[in-house]
Every structure is written in structure tokens, then in C-alpha cells.
Amino acid sequence: MEACYKISRALQSVRKLKPLVHHITNYVTANDCANITLAIGASPVMAADICEVRDMVSHANSLVINLGTLDSRTVESMIEAGKRANELNIPVILDPVGAGATPYRTKIAREIIDTIEVAVVRGNLSEIKALYGIDIQTKGVDSSENLSGDEDVPSYLKVFAMDFANQFHTVVSITGKMDIITDGKRLYIVKNGHEMLSRITGTGCMCTSLIGSYLGAETNSIDGALAGVATMGIAGEIGYNRLDKDEGTGSLKVKILDVIYHLSVKDILKWGKIYEV
Amino acid sequence: MEACYKISRALQSVRKLKPLVHHITNYVTANDCANITLAIGASPVMAADICEVRDMVSHANSLVINLGTLDSRTVESMIEAGKRANELNIPVILDPVGAGATPYRTKIAREIIDTIEVAVVRGNLSEIKALYGIDIQTKGVDSSENLSGDEDVPSYLKVFAMDFANQFHTVVSITGKMDIITDGKRLYIVKNGHEMLSRITGTGCMCTSLIGSYLGAETNSIDGALAGVATMGIAGEIGYNRLDKDEGTGSLKVKILDVIYHLSVKDILKWGKIYEV
Amino acid sequence: MEACYKISRALQSVRKLKPLVHHITNYVTANDCANITLAIGASPVMAADICEVRDMVSHANSLVINLGTLDSRTVESMIEAGKRANELNIPVILDPVGAGATPYRTKIAREIIDTIEVAVVRGNLSEIKALYGIDIQTKGVDSSENLSGDEDVPSYLKVFAMDFANQFHTVVSITGKMDIITDGKRLYIVKNGHEMLSRITGTGCMCTSLIGSYLGAETNSIDGALAGVATMGIAGEIGYNRLDKDEGTGSLKVKILDVIYHLSVKDILKWGKIYEV
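Here the structure is a predicted model, which means the values were calculated and not measured.

Procedures and definitions
- Residues numbered from 1 in each chain as written.
- Chains lettered and ligands numbered in written order.
- Predicted model: local features only at pLDDT ≥ 70, side-chain atom pairs only at ≥ 80, totals over all residues.
- Heavy atoms only, no water.
- UniProt positions renumbered as here; feature names shortened; annotations may be inferred.
- Helix = DSSP H or I, 4+ residues; strand = E, 2+ residues; numbered from the N terminus.
- Contact = heavy atoms within 4.5 Å.
- Polar contact = N/O pair within 3.5 Å; in protein donor to acceptor, adjacent residues only side chain to side chain.
- Buried < 20%, exposed > 50% of the residue type's maximum accessible area, 1.4 Å probe, protein only.
- Pairing = 2+ DSSP bridges.
- Axes fitted to C-alpha atoms, helices over the stretch in contact; angles between N-to-C directions.
- Buried area = accessible area lost by both parts, 1.4 Å probe.
- Salt bridge = Lys/Arg side-chain N within 4 Å of Asp/Glu carboxyl O.
- Nonpolar A, V, L, I, M, F, W, Y, C, P; charged D, E, K, R; others polar.
- Least-squares fit on C-alpha atoms with pLDDT ≥ 70 in both.
- Expected span 1.5 Å × (residues − 1).
- pLDDT = per-residue confidence, 0-100.

Colleague: For the UniProt feature "binding site: ATP" (unreviewed entry) in chain A, give the residues involved together with the corresponding values.
Modeller: Residue and element names in this part refer to chain A. Feature annotation in UniProt places "binding site: ATP" (unreviewed entry) on R122 and T175, given in this structure's numbering. The named residues occupy 54 residues along the chain; their greatest pairwise C-alpha distance, 7.3 Å, places them in one compact cluster. When you line up the elements, R122 lands in strand β5 (residues 120-123). Among all residues touching R122, those that are not within four sequence positions of it are L94, D95, P96, I128, S173, T175, G204, C205, C207, T208 and I211. A polar atom in the side chain of R122 sits 2.6 Å from the side chain of T175. Relative to the elements of secondary structure, T175 occurs in the loop between β6 (171-174) and β7 (179-182). By relative accessible area, which is 15% here, T175 ends up buried. With near-sequence residues (within four places) excluded, T175 lies in contact with R122, G123, N124, L125 and V229.

Colleague: For the sheet that holds strand β8 (residues 187-190) of chain C, give the residues involved together with the corresponding values.
Modeller: Residue and element names in this part refer to chain C. Judged by pairing direction, the sheet is mixed, and its nine strands sit side by side in the order β2-β1-β3-β4-β5-β6-β7-β8-β9 without closing on themselves. Sheet topology places β2 (43-46) and β9 (274-276) at the edges, where each strand pairs with a single neighbour. Each adjacent strand pair in this sheet contributes to an overall mean axis angle of 20°, direction not counted. Both strand β7 (residues 179-182) and β8 contribute to a ladder of four bridges, which runs antiparallel. The partner of D179 across the bridge, within β8, is V190.

Colleague: Give me the interface of chain B and chain C: which residues, what numbers.
Modeller: Taken residue by residue, the interface counts 33 residues in chain B and 35 residues in chain C. In this assembly, chain B packs against chain C so that about 2,700 Å² is buried in total across both faces, 52% of it on carbon and sulfur atoms. Of all residues in chain B, B:N31, B:L38 and B:Y261 give up the largest surface area on contact with chain C, accounting jointly for 20% of the area buried on that side. C:R105 is the partner of B:E52 in a salt bridge, and the nearest nitrogen-oxygen pair spans 2.8 Å. The tally of links from chain B across to chain C stands at 14 residue pairs in polar contact (both at pLDDT 80 or more). Counting residues per element, the side of chain B that touches chain C draws most heavily on helix α2 (residues 30-40) of chain B, at seven residues. Residue composition of the side of chain B that touches chain C, by class: 18 nonpolar, eight polar and seven charged.

Colleague: Pulling in residues and values, what's your account of the pairing of strand β6 (residues 171-174) of chain B?
Modeller: Residue and element names in this part refer to chain B. Going residue by residue along β6, you find V171 and S173 tucked away on one face and V172 and I174 tucked away on the opposite face as well. Where strand β5 (residues 120-123) lies against β6, four bridges are found, and the strand directions are parallel. Bridge pairing in β6 links G123 to I174. In this sheet, strand β7 (residues 179-182) lies alongside β6 in antiparallel orientation, the contact comprising three bridges. Of the residues in β7, the one forming a bridge with V172 is T182. Counting the residues that bridge the hairpin from β6 to β7 gives four residues.

Colleague: Which residues make up the relation of the copies chain B and chain C, and what values do they have?
Modeller: Of the two same-sequence chains, chain B is brought onto chain C (RMSD 0.0 Å, axial shift 0.0 Å) by a rotation of 120°. When the rotation and shift are considered jointly, the pair of chain copies conforms to a three-fold rotation axis. In terms of C-alpha distance to the rotation axis, chain B has B:Y27 as its closest residue, with the C-alpha 3.3 Å off the axis. When the interface residues of chain B are mapped onto chain C, a mere 9% of them are again interface residues, pointing to distinct binding faces.

Colleague: A description of the relation of the copies chain C and chain A should follow, citing residues and the corresponding values.
Modeller: Each copy of the sequence occupies a distinct position, and chain C is placed on chain A by a rotation of 120° and an axial shift of 0.0 Å, giving an RMSD of 0.0 Å. When the interface residues of chain C are mapped onto chain A, a mere 9% of them again fall at the interface, so the copies present different faces.

Colleague: Give me the lowdown on the pattern of salt bridges, citing residues and values where you can.
Modeller: All names here are of chain A. Summed over the entire model, instances satisfying the criterion amount to 45 salt bridges over all chains. With its nearest N and O atoms 3.0 Å apart, the salt bridge here joins K253 to D32. Taken together, the residues K253 in helix α10 (residues 249-262) and D32 in helix α2 (residues 30-40) connect sequence positions 221 residues apart. By relative accessible area, which is 4% here, D32 ends up buried. A network of salt bridges, in which partner residues are shared, links K6, D183, R186 and D223.

Colleague: Tell me about helix α4 (residues 72-87) of chain A, and please be specific about residues and values.
Modeller: Residues and elements named next belong to chain A. With 16 residues, α4 extends 24 Å from end C-alpha to end C-alpha; this agrees with the ideal 22 Å at 1.5 Å per step. Burial in α4 covers these residues: T74, V75, S77, M78, I79, A81, G82 and A85. Buried positions along α4 lie against β1 (20-24), α3 (53-59), β3 (62-66), β4 (92-95) and α5 (103-115). Among the residues of α4, the N-terminal cap falls to D71, whose side-chain oxygen and the backbone nitrogen of R73 are separated by 3.1 Å. Just beyond α4, the residue with positive phi is N89, at close to 60°.

Colleague: Account for the confidence of the model for chain A, with residues named and values stated.
Modeller: Taken as a whole, chain A shows an average pLDDT of 94; of its residues, 94% reach a score of 70 or greater. Scored by ipTM, the complex comes to 0.94, with pTM at 0.95.

Colleague: Before we move on, could you go through the interface of chain C and chain A and cite the residues and values that matter?
Modeller: Of the residues lining the interface, 33 residues belong to chain C; the matching set on chain A comes to 35 residues. Interface of chain C and chain A: buried area, both sides summed, is about 2,600 Å²; carbon and sulfur atoms make up 52% of it. Three residues, C:N31, C:L38 and C:Y261, lead the burial of chain C against chain A; their summed loss comes to 20% of the area buried on that side. For the interface between chain C and chain A, the tally reads three salt bridges. In this structure, A:D71 and C:R73 form a salt bridge, with 3.9 Å as the shortest nitrogen-oxygen distance. At the junction of chain C with chain A, the criterion picks out 14 residue pairs in polar contact (both at pLDDT 80 or more).

Colleague: Run through the side chain of A:R105, naming residues and quoting values.
Modeller: All names here are of chain A. Position of R105 relative to the elements: it lies in helix α5. For R105, a relative accessible area of 0% puts it in the buried group. In this structure the side chain of R105 is engaged in a polar contact, spanning 3.0 Å, whose partner is the backbone oxygen of G68.

Colleague: Summarise the UniProt feature "binding site: substrate" (unreviewed entry) in chain A; cite the residues concerned and give the values.
Modeller: As recorded in UniProt, the feature "binding site: substrate" (unreviewed entry) lies at A:M46 and A:G202. Note that A:M46 resides in strand β2 (residues 43-46). In this structure A:M46 touches A:H23, A:T25, A:A30, A:C33, A:A34, B:V28, B:G68, B:T69 and B:R105, once residues within four positions along its chain are discounted. In this fold, A:G202 is placed in the loop between β8 (187-190) and α8 (203-216).

If you want it as C-alpha cells, here you go:
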């Protein structure tokens, strides 16, 4: 309940401050990321050319770096924008899409987290493990080794997440069937969402953009990461509950944007399944 | 009313001629731009490689240049395609997305308008001011300094718009809460649309693609710019009026495409709020 | 009926095996391609950088090469990924978007089909003719010379399609008002779909991604191509039949994803209009 109130305050803050969220991101889900950023009440800008990223990030309230369709030219822009953001104390959120899927992705994701101070990393378990250095095999970018167990998050995963956060001095959000958010000290579990979300591309990227929106609105890293993950899960769950029997993933994506546009404190309090452990 | 009849004729012309609209555009809203171009009855093609833009634009009926996710390689293609379009008397429509947000964007937008004969420029007020040379600070690409006043467009803005049009020998469409379209002599105000449109990414880009569709169908620059702006506004307004209470920006985008697909002369005459001043 | 049972088995195979479909594709329709791949039950990954395509395709079950927004850097990645796929017996599906529209596109499409063993090529008639070497003029990427005649596919087209398949040692799917699928020996005609599909961008690209999903799930080239084309047509037709009178192309795209998400063997048997000739 305490956590739900925090998220509600963070939501009000986004709507009041309308932060500008600079994205250096992929072309597959960029449109969805822009739309979810607008739906929550923030303002997105996508710009990736080396000639302008330092200038663009200077106006921004947060920077989202998403590795979805990584290419060599953009990596340089990511690093430059990230450094400038660090100089200006603008929070950086990293989505290491597909880390572990190829050595190149793992290397670049590591290079970014080693070079830039990252406020929040959000990924699925495979990506986070790859970034940590555990040898895994990611199958695509939309799949993940899911958190096992319907009952609870196994304690080795909690330990792993906290260790990751401590080692990289960051907040980490591991999203899947259940979500873990930790800064190495506090640890939250979010049990919202629905498995159908894994059948829509970019729900992870959209979650990262929501985290960027919260952090851009002066919410601290752990609360902003929690708010982003919970918002995505709650919207997915409300959206799912509004589906007619013939509706599937096409309609669910539309409804998620609708729900977030109208999201209220009441919704968060009613639907939020958030546990501090 | 006279203006509504003009727009209606332009619409019928698009559906009859099915113009090919060559886009050199951004990856955030390209899908929406292609779909709105198809919905109105035109045919989009997106191609940006320097190896083919001169050939591609030669078959086209209009060329849309959109700076949304500008990168250095594409700028060269924009210039080459624009020059070829000029040689062939194919109208060029410029969307200077984010001009003013970074010096790079402002510079490129200026370079294009200084090098290419542009039939129509469409942007929000901040972008148009930046292009004119007024020092402003754009906040993102989806936001804008909005036209102030619910009552009417202030006269300094009308003067500014006409001056812009005269100086750059172009038609300019400044879109926002109200829209101004002028060729430096005639000036139209469009009061359609709804503020929720500003919470969907790419409504500006889509408007520009509609202008491209009209100009590709042998409508002159001022009438085509007016038709594009009015079509977007009317579709947004009809779409908004069809929203259920739970529906938000996700559904609105879908409905805008639906409305434009079915748009009739009757809709334009019923909904159009267009004033020549 | 026999064909419908084949498609049904192929569908069940996709849902069971959840193949990973590596796409090197365009930024206009990438989101739709990813979503339709997920809707059918497969897993998409979009990756185009030369630093990782050989690694990425090694994990994949099929490779889709789509020329929609061709650029010189990506061509190299397409060739490298295609060669690696050939070494590993991973099926390659080619969508020669816009072949014939510019000499550059025709040249690259030819280079790919001459260098890589392609399991299936899917395009509209103009594109397939351009690839074959017949001089045509493509008007945009969403348009095509349509199969003429409501009654039946003219026999010269059947001969052309079979000749194409034999000459390039591939399966070819020519999609339009009716669809032809042939491996040079067997030839299928699919009469599903609706003309409104041609007013949505990327229905061709999405069809190609469905073929990629079927081929990735151990369905042979001719059956997988047939299944992909029929799935797209059936989904389009069911979706169209569910449209309210005010709904247009925006809603139809959403419904196509919904239908494919829920697609059942019963739907295929009920709606499939597939003829072996």
C-alpha cells in the first residue's frame, strides 16, 4: 500500500512536470515507446545522430538507451549522450535488449554500463544475467528465461538481483512473470501483468520508457523503476481484463495506451500487487 | 464553405489519381505516415538511400522530407531527392521536425529550405520560428509553443506567417491549437482538431503526409496545405467524438485512420471550421 | 481441404516449436512484422548490424530478408546473414519490396537471389517480374499490377510463376487479388483476403514474416509458403467481416493481429479457399 502511494505520487509528478525523455532507441518499437511516453504525460524525443545527441540530451530530463536494433554508428551516440547526461546529472536508463543473444550485444551493453553511470537497468532475466557475465543463451529479444514458480521469487534470484545492483551501483529491474526491482538494499516484487504481454513486441521497451518518464519527473531511481514496472503491469492487466473474447494482442496494445492515458491513483491502489521483501 | 468545397474536390482528386508520395522520413512515425497516406487514397513509398532516391522521386507525384530522426547520411539523400524533384516540378513538402531543438537540426532545416524549392513547410510554431531564425527553445518534437488564445489567432502571428511565406517563397502551415496556412497573400485559419492529438506521436508527421498526398494529386500548394491540415483536424475531431469513456490515445490513433479511410465530402462540409482572413 | 489440413498442421507446429525468426528488414513495417510473428506463436528478432548478423542467424530457425527500406550498409548484412543461414541449412525467405521501382532495388534483389539459396520469395506481381528480368514499372511498394480476372488466374501467369520457381530453384509466392504459390511442380491458388488489405502498409511484409514463422517450424518451403499466404488472407477476411460500418484500415490492422492470435484449425477449415491446380 505504501508502495502504491509512492507510485501515485510519481504519476502525479510526471503529469505535472511533463519531462522530456530523450531516447536513443530501436526502429522496431520506437513508435510504441513514443506513444506510451506521451500517454503517461511525458514528452519523448528520439534523436541518435552524433551531431546532435549531446545538445539534445542537455534539454532532456532523462535519457533512455535501448539496444534493440543496435548498430555501430549509434553506439557512439549512446556513449556520448550518456556521458553528457552524467555531467548534467540527467538520469540514464539502460535497456540491454538482446544482451546474451550475440557476443556483440553483450559487449556493447557491458561497455555502456562500464562507461556510463546508469540509474536504472531494465531487462529480462537472460539479458541481466548476460550483462552480469553469466553465460546464457538468449532466444530472441522478446523471450526470456522466466522467473520460475507461481508462488514466489526464489531467493537465489533476489540475491542475484541485489548483487547485480551493488556491483554496478545501479537499480535493476528484472521483468518477467513476476518483476524484481532492487537498488541492492530495498527489494520490491511486482506481481501485476499478464502473460499475453509477452506476445506483444516492445512491452519491455515501453516499460523502460515509462521508467524514463518517472525518473525525468524527479522521482528517485528505485521509486521510478518500481513505478515504471508497476504501471506497465497494471496497464497490461486492466487492458487484458477489458478484452472481448475475439480480441487478442492487436487490441491489447491499443488498450494499454488507453489505460495509461487515463491511469488514476484509484487504479494503482486497486490493481497494484507490490511487495517489499 | 468555399474552402470546404475546395478541400472536397482535393479529396476526390487524391482518390481518383492515387498519387505516389515519396517519403524520406523518420523511423518513429514512418508506419503511421504510410498508413495515413494509404487511408486517404494515395500510395506511399519510403526510400532514403543515396543510390536510389533520384530514381525513386522521378516516379513520384510529390516528395515529403521529414527531419524526425535526422542522420547525416540521410541529409544527403534529402538534398539530392529534393533537387531532382525541383528539376521535374514535383512538389516538395518539408516537415522540419525538432528545428530549434538542436543547432544541428536548425542548420539542416535551413540548408534544405535554402537549397530546395519547397512548396509547403508544415511545423509547429517553435519549429517555424527556428527556421525563420528566431531563437527559441523547442521542448521535444511533439510539443510546441501553442497558439495562445481560445478566441482567435493574434495578429502578430498572422503577420509572422505571411512574412515567412514571402521570405521563403513557400506556403507555410503552422499547426497547433489552431492552424494557420498562408502563401503570403491568402491566409486560412483552421479550428478543427482536439488537444488529445498532441498526446499521439506523429500527428504532425501524418498531417505532412496528407499534404503530400494532396499536392501529389494536382492540388496547388495553398489548397493542398489547407486540405491536409483540415483533413487531419477533422479526422481527429470525429475520432475523438467516437471515443468511449475508457478509450484514450491508443484508440484515437486507430479511429483517425478509420475516419480518413471513409472521409466523405459530407464530413468535410459538416465538420470543417475553416476561415479565410 | 487437403491443403487446409496441411496448413493446420503447420500452425500447430509453429505454436509448439515457437521458432526464432531473424529479420533483416525495413523500419516502416518492422513493428507489424514483429507483432504478427508473435501473434502466430513464433519469436521475432530484428538485427542488422554486420557485427552480429552471423551470430544472430545461427540461433534462428529462419531468416527473413526484406528490402523495404534498403540501404547500402544493410545489404552487406543481408548477404552475410544469408550465407551463414545457407551453411547451417536455415531457410531464407526473401521479400524483394519495390524491386522494379528503381534500378538499385532490382540489382540488389537479383544479387541476393543469385548469391543466397532462397527457400521462398514472396512479392507482388511487379516485384516478381522485375526480379525475373521483365522490364516493368513499379508504382510504389504497396501497389502492384494485380492478378487480372475475378474468375481465375490466367494460365500465362501460372506458367510464369512455375518458370520463375524452376529458374531460381525456389518457391515463389505471388500475392495480389489472388495468390499463386508454386515450387515449379505443384501450384496452389489462394482466394482469401480482401482488397482493403492493400490499403494497409506492410500486409505483404507481414505475410512474409508468417512464411518465415512456418518455415522456422520445420514446415517445408512450399507448404510453409502456402500456409503463410493463406493465414494472411484468412485473417484479413475474418478481420474484414468483423468491421463495424465506421471502421476502416486502422481497425482492420488491429483485428488481423487479434484473429491470428486466436486462429484455430476450425477457422482454417471454414475460411480457407485454397486450390491446387
